[in-house]
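# Residue-level structure breakdown
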Amino acid sequence: QVMVIPGTYDDAVAESAAMASDTRLVVSDTSWPGYEGPPRWVIEGYSTIFTEVEEQLAGLGVADPDLVSIPVGVGALAAAAAACLRSGSEPGDGPVLLGVEPATAACVAAAVRAGHVVEVPGPHRSIMAGLNCGLASVLALPSVIAGFDAFVAIDDDRARGAIRAMADAGMDVGETGAAALAGLAALVEDHREEMPVPDDAVVLVVATEGVTDPQGFADAVGRPPR
C-alpha cells in the first residue's frame, strides 16, 4: 500500500516513524536517536558503489581521483563516501570530497556548520527531488563532518544545465543524478579562488539516478529520454 503524505520528505519520515511497531519495520536512509540499525545498513550498502569504482578505475588504468563530487540528501551516501575514500587517511591525504545540495534544502551543510543537526524548513521544491531533505541524518553527520572538505548549494537552473551536459555526453540522468556535475560546475565557475581545481585533476562525479521525471528531462534537453 502506497500512502502519500502531504508536506516534505521529513514529514513522510516522521509519519513512517510513528507507524513503527513489532510488526512494522521502518527502512530509511536517515536516522534519529533510537533508530540507527537500518540506516547503518544503508550506508554499508552504499559503500558497494565506491568498491566498484575503485575496481573499475584500476581496470581502466585511471589514477585515483583528486576530487569526488557527491549529491547529498540526508548524508547517508556522503557518509559512505567518507568512510571509503577518507577512512584512515592522514590530513590532506585522499581525494577532496565535495557535497552538493539544493540551495533550498542544504540541511547537511547547515548541520556541518553548526556541529549538530539543524532543520532547514520547507517547503523543499527543488527539481532535485531526491535531495529535498530538511534534516541531516544523526548517524551520518559525524562521518560527513570528519571527511568532507566543502559543500556547494546549487539552484535548479544549474541542475538543468548539468542534465543537458550529461545528455550531450550520452548519459541520460535525472535531476538528482546530475547534481554532482552541477556542483562541480559551480565550484569551478563560481568558487575557483576559494577552492581551485587544477586543469589536470582527476574528478569523480557520482550520478545516482536515471531519468525519474521524463517530462522534466524533455523540457531540459529538448527530447525524450532514451
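Note: the structure precedes this text.
Summary of the structure given here. (Residues numbered from 1 in each chain as written. Predicted model: local features only at pLDDT ≥ 70, side-chain atom pairs only at ≥ 80, totals over all residues. Heavy atoms only, no water.)

## Considerations on the pairing of strand 1 (residues 67–71)
A large share of strand 1 lies buried, amounting to 5 of its 5 residues. Going residue by residue along strand 1, you find Leu67, Ser69 and Pro71 tucked away on one face and Val68 and Ile70 tucked away on the opposite face as well. As paired strands, strand 1 and strand 2 (residues 96–102) are joined by 5 bridges and run parallel to one another. Along strand 2, the bridge assignment pairs Pro71 with Val100. (Buried < 20%, exposed > 50% of the residue type's maximum accessible area, 1.4 Å probe, protein only. Helix = DSSP H or I, 4+ residues; strand = E, 2+ residues; numbered from the N terminus. Pairing = 2+ DSSP bridges.)

## Regarding the pairing of strand 3 (residues 150–154)
A one-sided burial pattern is seen for strand 3, the buried positions being Ala150, Val152 and Ile154 and the unburied ones Phe151 and Ala153. In this sheet, strand 3 lies alongside strand 2 in parallel orientation, the contact comprising 5 bridges. The partner of Glu101 across the bridge, within strand 3, is Ala153.

## A word on the sheet that holds strand 2
Within a sheet, neighbouring strands are paired by backbone hydrogen bonds and run either parallel or antiparallel to one another. With respect to topology, 4 strands assemble into an open sheet ordered 3-2-1-4, the strand pairing being parallel. One side of each edge strand has no neighbouring strand; the edge strands of this open sheet are strand 3 and strand 4 (203–205). Ignoring which end each strand starts from, the neighbouring axes of this sheet average 20 degrees apart. (Axes fitted to C-alpha atoms, helices over the stretch in contact; angles between N-to-C directions.)

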